[in-house]
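Structural features, examined
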Amino acid sequence: MSVIGTVLLNSVSNFYSDEFYAQMTDELSEDSLLVSELVSALSSATYAEEMSNILDSYSGMLGIDRYRDYFILNMNGEMLSGSDMSQEGTMELTGNVIAAMQRLPSARNAYGSTYFDYALYLTNGAQECILYIKDTQGEMQQLSWILFSIVLQSLFFGMVIAVVLSFFLARAISRPIQTLTKGAQLVASGEFSHTIENHSDDEIGTLTDTFNDMKTALKNTIDEVDGERQKLRTVFSYLKDAVVAFTNDGKVLHINQSAMEFFGKSYDKNFDLERMLDLLNISFTDEEISAMQKGRSKDVFSENGIVFHDKVLNSTKVVDVSFGEIKYVKENKTQIGFITVLHDVTNRYELDKSRREFVANVSHELRTPLTSIKGACETVRSDAEMPEDMRDYFLGMASDECDRMTRIVTDLLTLSRLDNNRTRWNIESFSIEDAVKHICDVLRVDADAHNHELSMFINGHLPNITADKERIAQVIINIISNAIKYTPDGGKIDVFLDAYDKFITVSVRDTGVGIPEADIDHLFERFYRVEKSRTSETGGTGLGLAIAKEIIVAHGGNIKIKSKLGAGTLVCIVLPVETALKAEQ
Ligand code: ADP
């Protein structure tokens, strides 16, 4: 509107200016009637008045009105007559008047002047004067003002309409954008359940639909990734193997539950690769560490990475440790760390150890009697003249050693059957009270021989129990025999029988030598004897308690030993009244 207004006002100004000068040039040309009349009026003495009258009659053609006046000036520029005599004396001498005074033609005023004027030099040879026409541009200014105010009004209304329209347009555009922004913020904060409503079919509507689709796709992808991560985390945390991921500079990146339990108190906030290597007593060269950090462990170590076998951790656990087989890689494939897996092989290690010990023990236990037998036989053979009683002594000794070997082999066979579940159980119901009484009666001879006082105490009424009578008797005999064996002569041996709930207990207490605390936990191990010398005299094999434990546990019971060195021992057997064992298994 401003540009149009400016162009319009300019055009009006140009139009008026052109019109004025065209009119003046037309009407006041040298050969025009008006000019010739004016020139002839010059010969009159009152030429100014006459000229004024002529001009009045031509005022319509010259456009004389309240904005345009004519004046008759003398050659000094003084007003002789005119359409508005009030300007006499105040009229300025414009460029055109001065030009006329110098008898020159009138010129067009410069653009931007505040009036149009035209001065015409007139002469009849004797008399001369100047016809001066001046337009104040009042009409033009009025029209310009009207146009200007129209433009201004249009501008104002246009602006008001534009503001109102912009407001509605802005609302129509910004509201869905605001909703979209809010939706995007919600998605950014992890809230995916919210769906953005779409009320339009335009570009913003398409954008909203696309955003909703994108959000659903994003949620599905995140759910999938989350699910996978959850799965991995669950697998990772339930792994029995300890897994620790380290960064290249040896800081812990991730550690699973098993690993924390593995390291126990050694795992704290300062735990790092160096500490772990220390704990496992593993040392790497600088070259090996740098190879691992660069993910080139296979170049330095074997194809399967680095595996250390049977490393002892905290002197209780034995582990196989693998290093650097799996690498943590980022998208750009640079290694940011490596994983170590600690596989607990304590059980296998212990089993191997006890198997080796067992074989060594069996060999040792069998070799001792064999050496004695061979020695006795060779002594008898080498001396044909040996007296009868001496020969009997050596042969008796060989026979005893044979019995001992037989006992060991029988015990080993019993244990082997128990181990392989090949024991044929003979389950029957019997009175435990009668059975223990009978055993005490049988062993009393032995006890008396050592001056032991063997007593039996029964607490209340004991129910009949179902069990393998012979094997339970074998266990009780073994325990009372041990009490007799390991109690110095003249001791006291008490057997207690008791019942509670669905269990009965048989306890044997002696006032014997007792067992050192450190040995108590090992008493049920095969061939375990407190002091080899202590038992070899008594003919023990170290298998009795192991067999006893297997039999009692098979029946669903338990056996415990309490002892104090030098003060005596208490062996307690707990048996269920009804065993779960089936007969003839
Ligand atoms: P053994 O045939 O050598 O007696 P056991 O398995 O019955 O084998 O016993 C294992 C070891 O436990 C024995 O060698 C003995 O040192 C110790 N022991 C068992 N019973 C007693 C007890 N009542 N008093 C002291 N030591 C005992």
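Rules used in this analysis
Residues numbered from 1 in each chain as written. Predicted model: local features only at pLDDT ≥ 70, side-chain atom pairs only at ≥ 80, totals over all residues. Heavy atoms only, no water. Helix = DSSP H or I, 4+ residues; strand = E, 2+ residues; numbered from the N terminus. Expected span 1.5 Å × (residues − 1). Bend = angle between axes of the 7 residues up to and from the residue. Buried < 20%, exposed > 50% of the residue type's maximum accessible area, 1.4 Å probe, protein only. Contact = heavy atoms within 4.5 Å. Domains from an automatic or database assignment. Salt bridge = Lys/Arg side-chain N within 4 Å of Asp/Glu carboxyl O. Pairing = 2+ DSSP bridges. Axes fitted to C-alpha atoms, helices over the stretch in contact; angles between N-to-C directions. 1 Å grid on protein atoms, 1.4 Å probe; cavity = no way out; pocket = protein on both sides within 12 Å on 5 of 7 lines; lining within 4 Å. Points joined across faces, edges and corners; volume = space filled by probe spheres on them. Nonpolar A, V, L, I, M, F, W, Y, C, P; charged D, E, K, R; others polar.

To continue, consider helix 14 (residues 432-449). If you check helix 14, its first and last C-alpha atoms are 26 Å apart, about what 18 residues at 1.5 Å a residue would give, namely 26 Å. Along helix 14, the helix axis deviates most sharply at Leu443, where the bend reaches about 40 degrees. When we look at burial in helix 14, the residues that qualify are Ile432, Glu433, Ala435, Val436, Ile439, Cys440, Leu443 and Ala447. On its buried face, helix 14 sits against strand 10 (427-430), strand 11 (453-458), strand 12 (465-468), helix 15 (469-485), strand 13 (492-500) and strand 14 (503-510). Positive backbone phi, approximately 60 degrees, marks Asn451, located one or two places after helix 14.

Quick look at the domain arrangement of the chain now. Assigned domains within the chain: domain 1 (2-136), domain 2 (239-343), domain 3 (349-419) and domain 4 (427-584). Relative placement of domain 3 and domain 4: their C-alpha centres are 26 Å apart. In this complex, domain 3 contributes 13 residues to the contact, which on the side of domain 4 involves 11 residues. Viewed at the interface, domain 4 and domain 3 are joined by two salt bridges. Among the ionic pairs, Glu365 bridges to Arg529, the shortest N-O distance being 2.5 Å.

This next bit is on the sheet that holds strand 11. Strand order in the open sheet formed by five strands is 11-13-14-16-15, with mixed pairing between adjacent strands. Two strands close off the open sheet at either side, each with one partner strand: strand 11 and strand 15 (558-564). Neighbouring strand axes in the sheet, compared pairwise and without regard to direction, differ in orientation by 15 degrees on average. Running at roughly 170 degrees to strand 11, helix 14 makes contact with strand 11, strand 13 and strand 14 of the sheet. Each of strand 15 and strand 16 (568-576) touches helix 18 (residues 544-554); the most contacted strand, strand 15, lies at about 140 degrees to it.

Before going further, it helps to examine the layout of surface pockets. Taken as a whole, the second largest pocket holds about 630 Å³ of empty space. Those elements that provide at least two residues to the lining of the second largest pocket are helix 12 (346-382), helix 13 (388-419) and helix 18. By residue number, the principal contributor to the lining of the second largest pocket is helix 12, which donates eight residues. Considered class by class, the residues forming the lining of the second largest pocket number eight nonpolar, five polar and 10 charged. Composition of the lining of the second largest pocket by domain shows at least three residues from each of domain 3 (349-419) and domain 4 (427-584).

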